[in-house]
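Residue-level structural notes
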Amino acid sequence: MTRAPDLQLRGEILVVDDEIEVLRVICAMLRRAGMAPRPVVDPIRALEAARLDPPDLILLDVKMPQVSGLAWCRELKQNPHLTEIPVLFMSGYDSEEQRAAAFEAGGTDYISKPLHEQELVSRVRAHLQGGMLRRVLRDQNALLRERVDEQLRIIGEQREVALAQANALLDLHASGTATREELVGKALTAALRLSGTAAAIFAVRAHVQSGMQVTTVATRAASGDIDVRSVRGPLAGTGVRRCLWEKRPYLAHDAASVGLLGDALADLPGPLARACFVPVVERDAVTALVAVFGRPSAYDETHIRGLQGIVDTLWQILKRREAEESLQASLVEARKLALAVEQSPAAVVVTDRDGRIEYVNHKFCEVTGYTPEEVLGKNPRVLKSGWTAPRDYAAMWRLLTAGQTWTGVFQNLRKDGSSFWERASISPMRASPDAPITHFVGVKEDITAQRTLEAQLQQAQQLEAIGQLAAGVAHEINTPSQYVSDNLSFLTHAWERLAPLLTAAAADAADATGRGPSPSWLLERVPSALASAREGLDRIQSIVGAMRDFSHRGDGKPHAVDLHQLIASSAMITRNSWKYVAALVTEVDPDAASVEGVGGELGQVVINLIVNAAHALEGQPRANDGAVGRIVVGTRPVPERDAVELFVSDDGPGVPSAIRARVFDPFFTTKPRGKGTGQGLAIAHNIVTDRHGGRLWLEETPGGGATFRVELPRQAASHRRRPPHA
Ligand SMILES: Nc1ncnc2c1ncn2[C@@H]1O[C@H](COP(=O)(O)OP(=O)(O)OP(=O)(O)O)[C@@H](O)[C@H]1O
Ligand SMILES: [Mg+2]
């Protein structure tokens, strides 16, 4: 702070005059005015006195014998330290020229002798004040200059630090491919440069409880070369602890507070008496820091700001790098998983909470025939066949929304309308066990082939069971019917011999009492009774024959098969299904009786076709009450292909054109649950085409009804592919 000029200051005045008396008078006047005169008679000594102890003002006689006052003044003004002291000339001889010469010599004022006390004092005082003001002004100027210089120096330094920081930040941001070590190295090099320091370190800590671990050290050699190296070791000491506790930069001004820097830093160049610790604070904890050591002069705010910018930026970049790397890693992981799901042998479908499809994999599309674009955003309901009961769906949703997994079997529809079976496992998806459900994922396995085989096996087993039963029954009935037949033959024969005798007896007994059956009545009724018994027995025997034929399935290898016998026994076996709704007639061509094949399997085909025809005729309205439908089973030779054709036709409602293409699909049925499994035609088709190398098709029947035709080569194809249910 500058002092305000004290204008009452007692002025020290050098009075130079060769006349002692004059000196005395002047000094007395000045003292009276409160000033401090220093009288000097000898001008040479006076010059010396002014140099040794510069006065505030000089009163100088113009005319002195040794040296003129003008010359004296000029010499005084030569000295830069004295040049500002005001010089007042005193002279008894006053002329314009003399005054001019006095001012020229550097004089400030000119007073004429004889001196008047009041004038002298007021002039001296005025010049004292002027001189004092000038001095004060000069001092203040000097002070101001000093301050400006200091500010310029600070600004210069800040500019340098800011520039070093800006360069470092640019460099860090531009280090796209640099490794983590390289980035830290760059940051420490910048820290060294901007703080004008000998050593810098970077330390991190894994978590709040653990200590700071130094990872990198940068040092500057006397040559100015900077060396960066990775180190491992704890960072300990007062400075670090203060920085961790206070979570803000810490300046250590002496070796004691710099503290121990641990083994890793043992070879840092000394002296490390000063240090500046600048932390990275995240979520109210220090996670990393940069520290610089050994600046020749103290660190200040400028350095802290510069270092803070660098360490914050470095940390941001490192964190971003880390996040990018882990994102990259999780992307790779996710891509792997996505590929696994996409290429999974099971169909996978993911829906949102509301059941809208968000993802389907390749297998899903393969199984259902839909492209992803056709189902995305839709509900899996598009696959619903209607065969799964609404209450089963309700149960499924209850389980899913309760966060549980549902496992079960659906019968669904492909895009082309064909049905398929799938075993599905549907689970809710959520980010964590407590998080809300965001999606559902269904993993489904197409079990149609398996189901088809199961159903085929089931039908085969059923037929086998019926066959066994039929064989048993046939066997049991065969024996008694055999002896009933033998006895009937005997009775018929006996009757033929008895009849003439009875005729004669009848004549004799013409006038008998008429009690009991008369011979003529017997003659009339016995033959018809015998004939009716024979007819009934023949029927029993043909049924038994059919049953035996049916049960005689053979060994599964092709043999000569009598198609007409096969038709007869099939008609017999299925009689129960058609007898109330249709009359069954056969239209067989004797030339088409024989083919080579597996009798049991061909019987299965004919039975399925007859049962389908009977089902089609059920409940059909008829013009005349009591009239029934008609099923025709027939054969015809197909010489051009050395084959025979077997057909089953009915005059039922026929097959609607919309489902014609699908009747041979496994599980395709229009019948209510429990009545049809949709397997009959699929099995028949398989037996005819795959097992016998023939063809089975549905023919358009003009005037309604349905006709299924089977063409079988007479010679069994040797290349049968697979057994019907293997
Ligand atoms: N003669 C026919 N007249 C009209 N429709 C028929 C006839 N034969 C078959 N169909 C139709 O074809 C469908 C499939 O027949 P298929 O024999 O494969 O199965 P199903 O008879 O329904 O059941 P299953 O035979 O397994 O008991 C039937 O549901 C029916 O709609
Ligand atoms: Mg059927």
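Note on numbering: residues in each chain are counted from 1, in written sequence order. Chain letters start at A and ligand numbers start at 1, both assigned in the order the entries are written. Since the coordinates come from a predicted model, pLDDT governs what is reported: local features require at least 70, and pairs of side-chain atoms require 80 or more to be given and counted, while whole-chain, interface and lining totals use all residues. Hydrogens and waters are ignored; side-chain quantities use all the structure's heavy atoms.

A closer look at the domain arrangement of the chain
By convention here, the domain bounds are inherited from an automatic or database domain assignment. As assigned here, the chain comprises domain 1 (12–143), domain 2 (175–322), domain 3 (341–446), domain 4 (447–552) and domain 5 (555–713). Measuring from the centre of the C-alpha atoms in domain 3 to the corresponding centre in domain 4 gives 61 Å. Two residues form a contact once any of their heavy atoms are found within 4.5 Å. In this complex, domain 3 contributes nine residues to the contact, which on the side of domain 4 involves four residues. Summed over both partners, the accessible area (1.4 Å probe) lost when two parts come together is defined as the buried area. Of all residues in domain 3, the largest losses of buried area upon contact with domain 4 belong to Trp-421, Arg-423 and Asp-446, amounting jointly to 74% of the total for that side. What makes a salt bridge here is a side-chain nitrogen of Lys or Arg within 4 Å of a carboxyl oxygen of Asp or Glu, nothing more. Linking domain 3 to domain 4 there are zero salt bridges. Counting of polar contacts relies on pairs of N or O atoms within 3.5 Å, with two restrictions inside protein: one atom must be capable of donating a hydrogen and the other of accepting it, and residues adjacent in sequence are counted only when both atoms are side-chain atoms. In this assembly, domain 3 and domain 4 are joined by four residue pairs in polar contact (both at pLDDT 80 or more). In DSSP terms, a helix is any run of H or I states spanning at least four residues, a strand is any run of E spanning at least two, and both are numbered starting from the N terminus. Elements with a contribution of two residues or more to the side of domain 3 that touches domain 4: β15 (419–429) and β16 (439–446). Per-element accounting of the side of domain 3 that touches domain 4 gives the leading share, five residues, to β15. Think of it as three bins: nonpolar holds Ala, Val, Leu, Ile, Met, Phe, Trp, Tyr, Cys and Pro, charged holds Asp, Glu, Lys and Arg, and polar takes everything else, Gly as well. Here the residues of the side of domain 3 that touches domain 4 are counted per class, giving three nonpolar, one polar and five charged.

A few points about unusual backbone geometry
With omega at -5 degrees, the peptide bond leading from Lys-113 into Pro-114 counts as cis. Relative to the helices and strands, Pro-114 resides in the loop between β5 (109–112) and α5 (117–174). Unlike most non-glycine residues, Asp-284 shows phi in positive territory, near 65 degrees. Turning to its location among the elements, Asp-284 is positioned in the loop between β10 (275–282) and β11 (285–293). For Asp-284, a relative accessible area of 60% gives the class exposed. Notably, Asp-642 is not glycine yet its phi reads approximately 45 degrees, a positive angle. Structurally, the position occupied by Asp-642 is in the loop between β20 (629–638) and β21 (643–650). Relative accessible area decides the class of each residue, using a 1.4 Å probe on protein chains only: under 20% of the type maximum gives buried, over 50% gives exposed, and in between gives partly exposed.

Side note on the pairing of strand β22 (residues 695–699)
Where burial is concerned, the two faces of β22 differ: the one with Leu-696 and Leu-698 is buried and the one with Arg-695, Trp-697 and Glu-699 is not. Bridge count between β22 and strand β23 (residues 706–713): five bridges; the pairing is antiparallel. What sits directly across from Leu-696, in β23, is Val-710. For two strands to be treated as a pair, DSSP must find no fewer than two bridges joining them. Counted along the chain from β22 to the antiparallel partner β23, the turn is six residues long, and its residue Gly-703 has a positive phi close to 80 degrees.

Some points on the packing of aromatic side chains
Ring geometry is summarised as follows: Phe, Tyr and Trp rings, the Trp one being its six-membered ring, pair when their centres sit within 6.5 Å, and such pairs are stacked at plane angles under 30 degrees, edge-to-face over 60 and tilted between the two. This structure, assessed with the given rule, holds eight aromatic pairs. Consider the rings of Trp-397 and Phe-440, whose centres lie 5.4 Å apart with planes at 85 degrees: the pair is edge-to-face. One end of the pair, Trp-397, is in helix α12 (residues 390–401); the other, Phe-440, is in strand β16, with 43 residues separating them in the sequence. A network of ring pairs unites the aromatic residues Tyr-250, Phe-277 and Phe-293 as a single cluster. A ring has a charge above it when a Lys NZ or an Arg CZ is no more than 6 Å from the ring centre and no more than 35 degrees off the ring normal. The ring centre of Trp-421 lies 4.2 Å from the NZ or CZ of Arg-451, which sits over that ring.

Digging into a nonpolar patch on the surface
Nonpolar side chains (Val, Leu, Ile, Met, Phe, Trp, Tyr) within 5 Å and like charges within 9 Å form the patches, drawn only from residues with over 30% relative accessible area and no salt bridge. The accessible surface values rely on the Shrake-Rupley method and a 1.4 Å probe; as for residues, cover is taken only from the protein chains in view. On the surface, Leu-469, Val-473, Ile-477 and Ile-540 cluster together into a nonpolar patch covering about 310 Å² of accessible area. It is helix α13 (residues 448–508) that contributes the most residues to the nonpolar patch, three residues altogether. Along the chain, Ile-477 turns up in helix α13.

Description of the pairing of β11
Within β11, nine of the nine residues are buried, which leaves it mostly tucked inside the rest of the structure. Here β10 pairs with β11 via eight bridges, running antiparallel. Paired with Glu-282 across the bridge in β11 is Ala-285. Where β10 folds back on β11, the antiparallel hairpin that results is connected by two residues, among which Arg-283 adopts a positive phi of roughly 45 degrees.

Details of the nonpolar core
Residues Ile-631, Val-648, Phe-708 and Val-710 are the most contacted members of the largest nonpolar core, which totals 40 residues. Only α15 (563–573), β18 (582–587), α17 (599–617), β20, β21, α18 (680–691), β22 and β23 provide two or more residues apiece to this core. Of all the elements, α17 adds the most residues to this core, at eight residues. When residues no more than four places from it in sequence are discounted, the contact partners of Val-710 are Val-605, Leu-609, Val-644, Glu-645, Leu-646, Val-688, Arg-695 and Leu-696. Among the nonpolar cores identified, the runner-up in size contains 33 residues, and Val-161, Ala-164, Ala-191 and Phe-202 belong to it. By nonpolar core we mean a set of buried residues, namely Ala, Val, Leu, Ile, Met, Phe, Trp, Tyr and Cys, connected to one another through side-chain atoms within 4.5 Å.

Considering the environment of Arg-641
Take Arg-641: it is sitting in the loop between β20 and β21. Considering only alpha carbons, one finds Arg-641 and Arg-714, 73 residues apart in sequence, at a separation of 8.9 Å. Dropping the residues within four chain positions of it, Arg-641 is found in contact with Arg-695 and Glu-711.

Topic: the site of ligand 1
With respect to spatial proximity, 20 residues lie near ligand 1, and among them Asn-612, Thr-669, Thr-670, Lys-671 and Thr-677 are the closest. A distance of 2.5 Å is found between an oxygen atom of ligand 1 and a side-chain nitrogen or oxygen belonging to Lys-671. Leu-681 places a polar main-chain atom, nitrogen or oxygen, 2.9 Å from an oxygen atom of ligand 1. In isolation ligand 1 exposes 590 Å². Once the protein is present, 91% of that is buried. Listing elements by their share of the shell around ligand 1, those giving two or more residues are α17, α18 and β23. No other element matches α17, which puts three residues into the shell around ligand 1. Split by residue class, the shell around ligand 1 holds eight nonpolar, nine polar and three charged. Definition of nearness: a residue and a molecule or strand are near each other if at least one heavy atom of the residue lies within 4 Å of the molecule or strand.

Section: the sheet that holds β22
Reading across from one edge, β18-β20-β21-β23-β22 is the order of the five strands in this open sheet, with mixed pairing throughout. Here the strands that pair on one side only, and so sit at the sheet edges, are β18 and β22. Within this sheet the neighbouring strands show an average axis-to-axis angle of 15 degrees, counted without direction. For β21 and β23, the ladder comprises eight bridges, and the chain directions are antiparallel. Note that in β23 the partner of Leu-646 across the bridge is Val-710. Only the contacting stretch of a helix is used when fitting its axis, a line to C-alpha atoms as for every element, and angles between N-to-C directions run 0 to 180 degrees. Across the sheet, α18 touches β22 and β23, and the angle it forms with β22 is around 135 degrees.

Focus on the pattern of salt bridges
A complete count under the given rule lists 40 salt bridges for this structure. One salt bridge in this structure joins Glu-21 and Arg-24, with 2.1 Å as the shortest N-O distance. Of the two residues, Glu-21 and Arg-24 are both situated in helix α1 (residues 20–32); the distance of three residues between them amounts to about one turn of the helix. A relative accessible area of 44% places Glu-21 in the partly exposed class. Ionic pairing is found between Arg-391 and Asp-392, a salt bridge with its closest N-O pair at 3.9 Å.

Points about the side chain of Ser-344
You can see Ser-344 is positioned in the loop between α9 (301–342) and β12 (347–352). Classification of Ser-344 as buried rests on a relative accessible area of 17%. At 2.9 Å, the side chain of Ser-344 forms a polar contact with the backbone nitrogen of Ala-346. Dropping the residues within four chain positions of it, Ser-344 is found in contact with Asn-361 and Lys-363.

Remarks on the confidence of the model for the chain
Known as pLDDT, the predictor's per-residue confidence is scaled from 0 to 100. For the chain, the average pLDDT comes to 85, and 92% of its residues sit at 70 or higher. The low-confidence segment residues 1–7, where pLDDT is below 50, has seven contacts with residues more than four positions distant or belonging to other chains. This model gives residues 719–726 a pLDDT under 50, and the stretch forms 20 contacts once residues within four places in sequence are excluded.

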